[in-house]
Amino acid sequence: MKEKNKDLMEKIVSLCKRRGFVFQGSEIYGGLSGTYDWGHHGLALKNNVRQYWWKKFVDGRKDMYGIDAAILMNARVWEASGHVAGFSDSMEDGKQFNVMFKTEIGAGEEAATVYLRPETAQGMFVNFKNIVDAFHPKLPFGMAQIGKAFRNEIAPRDFIFRQREFEQMEIEYFIRPADWEKYFEYWKDEMLDWMEEIGLDMNKVHELEVPDAERAHYSKRTIDFEFDFPFGRKELFGLAYRTDFDLNIHNLEYIDEEEGEKMVPHVVEPSMGVDRAVLSLLLSVYTEDKKGGETRVYLKFKPNIAPVICAVSPLLKNKPELVEYANTKVYAPLKEKFGRVAWDDNGNIGKRYRRQDEIGTPFCIVVDFDTLTDNTVTVRDRDSGEQERVKVEDLKNYIKDRI
Ligand code: ATP
């Protein structure tokens, strides 16, 4: 079983490289541990994950305010939050080691120490007053941010699971203290819904009630959503009740304008890693089956989240009439409509299907000699491998109906 899991992880890492999803950072110089570079398809997938999140939790609501705070923040933020004193990992020999990346801002004697943010959360708390003053939101309301975070992890490992530079999608949801249990449950369900919507294998997702002794100092209740990764059941996302800890340490408060009441709101925080979302998604959709006696690999993405929605091919790339037709009458209009459309004329059709299967492209469209006379194309379904003839004029709707 263990071997099989290790094997699966190796297959995913190698597929990601082969098909242009994710590469080791600084690879041609021997790599830089804990960093990864995203290629065309991985980036498209990551963008889709982010967009799904933003659409559901920001654009889809009227009580959420987006923010994009600076990565470099005044060191006093991290002193106040407790990160300077206590954001540490234990070294093997028991020595505590602060995992924040330190750098300098300014030159010479004037230079001051700053930290690359180890979480996006504080970028929201320090903007609490700005959001309240600009938008006058009523409780409950939230702030949402997607952005990079940096941790000098002692042992980065397991591909994009534990990196030194990664990305978070976080919400700070401000509530009245008495409502925390209600909103904790509410956000738990919202997170689960989102995971299901992007296509995670929900049989592999588990909730872990984090015991008192293991919770962060600011949290009164935390649930980790864990995922059955090939290297073990590990934290995917977290949900924490942060009480009024953060607003208090930054001396921030809220005035209910109608009631004339001054108070410090409490916070429920759904915290999700973009990279772990992508990795768990890849593991959820990775499928092998047998086609024509051969093992084929495909990524069973939901069409909406797939990096490529459809690929267009002329049957033969040395027949100008096929290429011209495929390019102008099929590829160009689909590209304009759906954006994530690939042109693929490399190798024979079987090779192209195998390549697109590994990218997870739901539909492969082939222009052949019949197309030139009857204006129909072959559309091949990724999962079943079945093909049907579709009129070129119906292609946009055919795909729209299926995504
Ligand atoms: P872990 O226990 O795995 O170190 P954590 O509890 O420190 O994670 P949080 O501080 O709760 O993580 O960060 C929120 C989310 O950010 C995590 O649930 C995870 O999805 C993501 N995350 C945290 N650290 C990393 C990392 N080093 N690489 C990739 N994603 C990460």
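Our structure is the block above this text.
What you see is a predicted model, and the numbers here were worked out from it, not measured in a lab.

A.B. asks: Explain the site of the ligand to me, and be specific about the residues and the numbers.
C.D. replies: Near the ligand there are 14 residues, and of these Glu 153, Arg 162, Gln 163, Glu 235 and Leu 236 occur at the shortest range. At a separation of 3.1 Å, a nitrogen atom of the ligand approaches a polar backbone atom of Phe 161. A distance of 2.8 Å separates a nitrogen atom of the ligand from a polar atom in the backbone of Gln 163. Taken together, the elements giving at least two residues each to the shell around the ligand come down to strand S10 (165-175), strand S13 (232-243) and strand S16 (266-273). For the shell around the ligand, the element with the most residues is S13, which contributes 4 residues. Here the shell around the ligand is built from residues that sort into 4 nonpolar, 5 polar and 5 charged.

A.B. asks: Quick one: what's the story with the nonpolar core, residue by residue and with numbers?
C.D. replies: Of all hydrophobic cores here, the largest spans 66 residues; its most connected members are Trp 194 and Met 195. Ranked by residues supplied to this core, first place goes to helix H7 (residues 180-198) with 9 residues. Residues from two domains meet in this core; each of domain 1 (2-283) and domain 2 (308-402) gives at least three. For Trp 194, the residues in contact, after removing those within four places along its chain, are Val 49, Tyr 52, Trp 53, Lys 56, Phe 57, Met 169, Phe 237, Met 272 and Ala 277. The next biggest cluster of nonpolar side chains, apart from the first, holds 21 residues, and it includes Cys 310, Val 312, Tyr 325 and Ile 399.

A.B. asks: Quick rundown of the sheet that holds S16? Include the residues and the values.
C.D. replies: Judged by pairing direction, the sheet is mixed, and its 7 strands sit side by side in the order S3-S9-S10-S16-S13-S12-S11 without closing on themselves. A strand with exactly one partner marks an edge of an open sheet, and here the two such strands are strand S3 (64-66) and strand S11 (205-209). Shown here is a sheet whose adjacent strand axes are inclined to one another by a mean of 25 degrees, direction ignored. In this structure, strand S9 (residues 141-150) lies alongside S10, joined through 10 bridges in antiparallel fashion.

A.B. asks: Residues and numbers for the sheet that holds strand S8 (residues 112-116), please.
C.D. replies: Pairing is antiparallel across the open sheet formed by 3 strands, whose spatial order is S4-S8-S7. Looking at which strands have only one partner, the edges of the open sheet turn out to be strand S4 (72-73) and strand S7 (102-105). Of the pairings in the sheet, the one linking S7 to S8 comprises 4 bridges and is antiparallel in character. Counterpart to Lys 102 in the pairing with S8 is Tyr 115.

A.B. asks: Outline helix H11 (residues 349-359), supporting the account with residue identities and numerical values.
C.D. replies: Burial of H11 is extensive: 8 of the 11 residues sit out of reach of the surface. With a side-chain oxygen lying 3.1 Å from the backbone nitrogen of Gly 350, the N-terminal cap of H11 falls on Asn 348. Downstream of H11 by a residue or two, Gly 360 has a phi angle that is positive, lying close to 90 degrees.

A.B. asks: So, the pattern of salt bridges: which residues are in play, and what are the values?
C.D. replies: Close approach of charged atoms allows side chains with opposite charge to pair. Evaluation of the coordinates by the stated rule reveals 34 salt bridges. Glu 27 is the partner of Lys 17 in a salt bridge, and the nearest nitrogen-oxygen pair spans 2.7 Å. One end of the pair, Lys 17, is in helix H1 (residues 2-18); the other, Glu 27, is in the loop between strand S1 (22-24) and strand S2 (36-38), and 10 residues separate them in sequence. With a relative accessible area of 44%, Lys 17 lands in the partly exposed category. Overall, the relative accessible area of 36% leaves Glu 27 in the partly exposed class. Residue Glu 165 is joined to Lys 148 by a salt bridge in which the shortest nitrogen-to-oxygen separation is 2.7 Å. Of the two residues, Glu 165 sits in strand S10 while Lys 148 sits in strand S9, which places them 17 residues apart along the sequence. By relative accessible area, Lys 148 is classed as partly exposed at 30%. Overlapping salt bridges, with partners in common, bring together Lys 56, Arg 61, Asp 63, Glu 190 and Glu 197 in one network.

About the criteria used
- For every chain, the first residue of the written sequence is number 1, and numbering continues from 1 along that sequence.
- In view of the model being predicted, local features appear only for residues whose pLDDT reaches at least 70, and side-chain atom pairs are presented and counted only at 80 or more, with totals across whole chains, interfaces and linings using the full set of residues.
- Water and hydrogen atoms play no part in the side-chain values, which are based on all heavy atoms of the structure.
- One heavy atom within 4 Å of a molecule or strand is enough for the residue carrying it to be called near that molecule or strand.
- Distance and chemistry together define a polar contact, namely a pair of N or O atoms within 3.5 Å, with one atom able to donate a hydrogen and the other to accept it when in protein, and with adjacent residues in sequence counting only for side-chain atoms on both sides.
- The numbering of helices and of strands both runs from the N terminus, where a helix is a DSSP run of H or I of at least 4 residues and a strand a run of E of at least 2.
- Throughout this entry, Asp, Glu, Lys and Arg are counted as charged residues, while Ala, Val, Leu, Ile, Met, Phe, Trp, Tyr, Cys and Pro are counted as nonpolar. The remaining residues, Gly among them, count as polar.
- By nonpolar core we mean a set of buried residues, namely Ala, Val, Leu, Ile, Met, Phe, Trp, Tyr and Cys, connected to one another through side-chain atoms within 4.5 Å.
- Exposure classes here rest on a 1.4 Å probe applied to the protein chains alone. A residue is buried below 20% of its type maximum, exposed above 50%, and partly exposed in between.
- Domain start and stop points were drawn from an automatic or database domain assignment.
- In what follows, a contact means two residues having at least one pair of non-hydrogen atoms within 4.5 Å.
- In this description, strands pair whenever DSSP reports at least two bridges between them.
- Axis lines are fitted through C-alpha atoms, for helices just across the contact stretch, and the angle between N-to-C directions can take any value from 0 to 180 degrees.
- A pairing counts as a salt bridge when a side-chain nitrogen of Lys or Arg comes within 4 Å of a carboxyl oxygen of Asp or Glu.

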